[in-house]
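# Overview (structure and organization)
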Amino acid sequence: MKRVVGVVLVVVAGTAPFWVWNAYHLHTLIMAGIFSILAMSLNLLLGYTGQLSLGHAAFFGIGAYTSALLTLKLEWSPWVGLLVAILLPALAGFVIGRLALKLRGAYFVLLTISFAGVVSLVSVNWMALTQGPLGLPGIPPVELTLPGLGAVSLRSKGAYYYLVLGAVVLAYGVCRRLVHSRLGRALVALRENEPLAESVGVDGTHYLVLATIVSAGMAGAGGGLYAHYTRFVSPEVFLFTYTVTMVIMVVAGGKGTLAGPVVGAVIFTVVPEALRAFASWQWQMLLYGILLIATLFFMPRGIVPELADGWADHWRPRPRTP
Amino acid sequence: MEPLLQHLLNGLLLGSTYSLLGIGLTLIFGLMNVVNFAHGEFYTLGAYVTFAGLTVASVSFVLAIPLTILAGMAVGAACERLLLRPLRAASIDTTMLVMIGLWIALQNAELLIWGGVAKSVPTPFSTQPVVVGPVSVAPLRLFVFAVSALLIAAAHLVLARTKLGKAMRATFQDRETAALMGVSIERIHTITFALGAGLAAAAGALLGPVFLVYPSMGDLAALKAFSVVILGGLGNFAGAAVGGLLLGVAEELGAGYVSSGYRDAIGFVIIVAMLLCRPSGLFARAERVG
């Protein structure tokens, strides 16, 4: 049954541009893909290390600005831009992770939120580099050189959809690989009981730094993809709203699960867009806040684990009562 | 020389409200162990209640402040009762996420009610500055400082001299023993949170007329409150009072001598520097963090 669901998902996601005619609907799917990457990246920290980063919009924004600036000012290829959009936030993640050293819980949150605050202020005030609140328009689209076809610009939504889908699959693969590796087991051990894990030789700081690097790099990739899709970045990419949206996607979807963040990202991009006609953006954010609280009260593990358990219960052979 | 004196004075006057914010948060974060990201929303609430009191109900400014504090305490008590009490056994991370949810919900509720346009609060004070020797100061700012000082003193007396204050300190030191001594633990939690929220609302009531009132004004206020608490040390009342003044002075000096664009970065820089060098605060005895 699980396999059937998987095949259906692959077919649906793989053929979407062929049956989603409406450009706006396709746009929503592309944003869902970008947010899936962001949510997966946050989940590596929140779900697997138990540390909440409230500065994730900073990694996302640094990625977006990096690729935008490299392609606009230095006219580098967007592919190189995207690569550096992963590396530079990863470097920032390394610094944050090193600085955090023994800071856990609320202190880690405060460190990351302060980092995001400073980066955001820099993006507004460093006019020479970022053009401040005016933002950077006219970011070049990604081009793909195909054998026999020459350079194809991924300007169309359909083509960009496949680029984002590829990135989502790649990010999912990276997460899956990490979680099932020694690193993933170490992170879970640290989350559950740090002193015990350290007593058997797991170096807590080392693994937290590693997780922060990967998580930040992934968020940066999301930022780069966003920049070349909307082709405009402004200090708004650092808005706290982005971080909050990621947190809700992870918590509601199911933190500490592989599929949870993706499910959360799709739900919380598609549903708000569907509601847009009926409710203003403020109502949506109000609803986000209430939903976050309600999830923690009534479904603290998130949608995916609850559904998975319900599913397992349903299909489990009933023990016969004697 | 004169600009320096002026910056120092402005910093102290502004810092007194940061002290109020910080003391409120140090009660909630330091004593109750709740990472209250909604703290800034009680500040915003205070500013809007004062604005509504002055413009809609047209009460006097002096009367509006105690009313605002009562409103802040009432909303704080309700939040504690509804959101935190059922989660008493939950981890600190869960309550933190709940408070983030509350923060977003309250902020956008304010946005829906009042709209995004910044409002200025009319006060009876003249905008003509009082000149004292080399420095000048707006009468409103002097009033803000006086009321802040009064409220800080009152909060200190409640905590240090009353039976309620003793019960609060006992509860957060050792809840089981306090309960055995007949302290109603649940009530103390609610009262402490209400007190913290009330102080934040008071800061909003005082700073709202100095600056402008808008729905997201609480975001920076919350982070400033956190930097004050970290400066002073978790749960350290005097530390938060001094930390607030220090932050105010640091901001004024930074805005005056470095760059006004980075004024709000100072709180962030303080958080980072303190967490890295002295995570238990400037004045604290050695304490484990995290």
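Look above for the structure.
Let me sum up the structure you'll find in this document.

Cut-offs and rules
- Counting from 1, residues in each chain are numbered in the order their sequence is written.
- Ligands are numbered from 1 and chains lettered from A, in the order in which they are written.
- In keeping with the model being predicted, local features are shown solely for residues with a pLDDT of at least 70 and side-chain atom pairs are shown and tallied solely at 80 or more, while totals for entire chains, interfaces and linings include all residues.
- Elements are defined by DSSP. Helices are runs of H or I of four residues or more, strands are runs of E of two residues or more, and each kind is numbered from the N terminus.
- We take the radius of gyration over the C-alpha atoms and set the globule estimate at 2.2 Å times the residue count to the 0.38 power.
- Exposure classification rests on a simple neighbour count of other C-beta atoms within 10 Å of a residue's own: a residue reaching 20 or more is buried, one at 12 or fewer is exposed, and one in between is partly exposed. C-beta atoms are placed from the backbone.
- A pair of residues counts as a contact when their C-beta atoms, built from backbone coordinates, are within 7 Å of each other.
- Every angle, taken between N-to-C directions, lies between 0 and 180 degrees, and every axis is a line fitted to C-alpha atoms, over only the stretch in contact when it is a helix.
- What sets the label is the angle itself: under 35 degrees gives roughly parallel, over 145 gives roughly antiparallel, 65 to 115 gives roughly perpendicular, and the rest give oblique.
- It is the rotation of the near helix from the far one that decides the hand of a crossing: anticlockwise by less than a right angle makes it left-handed, clockwise makes it right-handed.
- Residues are grouped as follows: Ala, Val, Leu, Ile, Met, Phe, Trp, Tyr, Cys and Pro are nonpolar; Asp, Glu, Lys and Arg are charged; all remaining types, including Gly, are polar.
- A helix is expected to span 1.5 Å multiplied by its residue count minus one.
- Joining buried Ala, Val, Leu, Ile, Met, Phe, Trp, Tyr and Cys residues through C-beta atoms within 7 Å gives a set, and that set is a nonpolar core.

This paragraph deals with the overall build of chain A. Broken down by element type, chain A carries 14 helices and four strands. Its C-alpha atoms give chain A a radius of gyration of 20 Å, near enough to 20 Å, the size a compact globule of 322 residues would have. Dimensions along the principal axes, computed over C-alpha positions, put chain A at roughly 75 × 50 × 45 Å. Scored against the burial criterion, the 322 residues of chain A give a buried share of 47%. Long-range contacts, defined here as pairs at least 24 residues apart, represent 76% of the contacts in chain A between residues at least 6 apart.

Looking now at the environment of B:Y18. Residues and elements named next belong to chain B. Tracing the backbone through its elements, the reader meets Y18 in helix α1 (residues 2–31). Accessibility expressed as a C-beta count within 10 Å gives 30 for Y18, which makes it buried. Expressed as a C-alpha distance, the spacing of Y18 and G248, which sit 230 residues apart in the sequence, is 7.0 Å. If we ignore the near neighbours within four places in the chain, the residues touching Y18 are K224, V228, G244, L247 and G248.

Before going further, it helps to examine the packing of α1(B) against helix α5 (residues 139–161) of chain B. Residue and element names in this part refer to chain B. With their axes 8 Å apart at the nearest point, α1 and α5 run at an angle of 30° to one another. Classified by the angle between their axes, α1 and α5 sit roughly parallel to one another. Judged by the sense of rotation from one axis to the other, the crossing of α1 with α5 is left-handed. Touching L13, S16, T17, S19, L20 and I23 of α1 are R141, V144, F145, S148, A149, L151, I152 and A155, all from α5. Split into classes, the residues belonging to the contact of α1 with α5 amount to nine nonpolar, four polar and one charged.

Attention now goes to the interface of chain A and chain B. Facing 33 residues of chain A, the contacting portion of chain B comprises 33 residues. Listing elements by their share of the side of chain A that touches chain B, those giving two or more residues are α5 (106–125), α11 (240–253) and α13 (281–298) of chain A. Considering each element in turn, the side of chain A that touches chain B owes the most residues, eleven residues, to α5(A). By residue class, the composition of the side of chain A that touches chain B is 24 nonpolar, seven polar and two charged.

Let us look at unusual backbone geometry. Residues and elements named next belong to chain A. At E75, a residue that is not glycine, the phi angle is positive and equals roughly 55°. Mapping E75 onto the fold places it in the loop between α3 (56–73) and α4 (78–100). Residue classification places E75 among the exposed residues on the basis of 8 C-beta atoms within 10 Å. In this model, R231 sits at a positive phi of 60°, which is unusual for a non-glycine residue. Looking at the secondary structure, you find R231 in the loop between α10 (204–230) and β4 (232–233). C-beta crowding within 10 Å serves as the criterion here: with 16 such atoms nearby, R231 is assigned to the partly exposed category.

With that settled, consider α13(A). Between its first and last C-alpha atoms α13(A) spans 25 Å; for 18 residues at 1.5 Å apiece the expected length is 26 Å, and the two agree. Buried within α13(A) are the following residues: A:Q284, A:M285, A:L286, A:Y288, A:G289, A:L292, A:I293, A:T295 and A:L296.

Let us look at the nonpolar core. Counting 194 residues, the largest nonpolar core has A:L111, B:L21, B:M99, B:L102, B:A201 and B:A202 as its most contacted members. If one sorts the elements of this core by residue count, α10(A) sits on top with 15 residues. Dropping the residues within four chain positions of it, B:A202 is found in contact with B:L20, B:G46, B:I65, B:T68, B:I69 and B:L151.

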